[in-house]
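Below, each chain spelled out in residue letters.
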Amino acid sequence: MRGGGETTNWQSTDYQIEYEPCRIKITGYMNLVKQKVATPIMLAGLRVVSAVVGNRIIGMLKRLIILVDKKTDIHFERMITIDHEKLVIEDSIKSPKKVNLECADSFSLRHVASGKFFSLADIVQHSRAQYPETDQIRIRRTFDWKEGRLEEKVI
């Protein structure tokens, strides 16, 4: 999505997190993220502004691009289960209106320090699944440690 989209790969103090042995459950509302498409004119403008104001531009850019926290009415629940043979990520998404969902290959919606996050795309070819016009869905992705295989299915 060029203009923006909702995402579950956000960190928020509003999220409810429950810990159990070998299991984590995270629930909350997706955030709306406006994606900025870099154009030659935009990049040239940033260079000019940076040359004039120096490092003071960093704070402004963080507020405009990185530190945005705009909740939507799309609720999600993510259950992550780890055992000796498999990693299971189960996502439940409920929306009051129909939405188009697609699996992102990485944390591409927000600038973050990459060393702090894990993505299945780092170790296995990720799903490119798309789920158009849905208001409720439950998806289970299972990564088999031994086989190096990822399975995804709607449950």
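Residues numbered from 1 in each chain as written. Predicted model: local features only at pLDDT ≥ 70, side-chain atom pairs only at ≥ 80, totals over all residues. Heavy atoms only, no water.

## Focus on the confidence of the model for the protein
So, point 1. Residues at a pLDDT of 70 or more form 72% of the protein, whose mean pLDDT is 79.
So, point 2. The element-level mean pLDDT for the protein is lowest in strand 1 (residues 5-7), coming to 55, with strand 2 (residues 16-20) highest at 93. (pLDDT = per-residue confidence, 0-100. Helix = DSSP H or I, 4+ residues; strand = E, 2+ residues; numbered from the N terminus.)

## What about the pattern of salt bridges?
So, point 1. Enumeration according to the criterion identifies nine salt bridges in this entry.
So, point 2. As a salt-bridge pair, Glu 90 and Arg 138 come within 2.8 Å of each other at their nearest N and O atoms. In this pair, Glu 90 sits in strand 5 (residues 86-102) while Arg 138 sits in strand 6 (residues 130-144), placing the two residues 48 residues apart along the sequence.
So, point 3. Given the relative accessible area of 13%, Glu 90 is considered buried. (Salt bridge = Lys/Arg side-chain N within 4 Å of Asp/Glu carboxyl O. Buried < 20%, exposed > 50% of the residue type's maximum accessible area, 1.4 Å probe, protein only.)

## Side note on the nonpolar core
So, point 1. Judged by nonpolar contacts, the single largest core of 13 residues is most densely connected at Met 30, Ile 74, Phe 76, Ile 93, Leu 101, Tyr 131 and Ile 137.
So, point 2. The set of elements that each furnish at least two residues to this core consists of strand 3 (23-33), strand 4 (71-82), strand 5 and strand 6. (Core = buried A, V, L, I, M, F, W, Y, C linked by side-chain atoms within 4.5 Å.)

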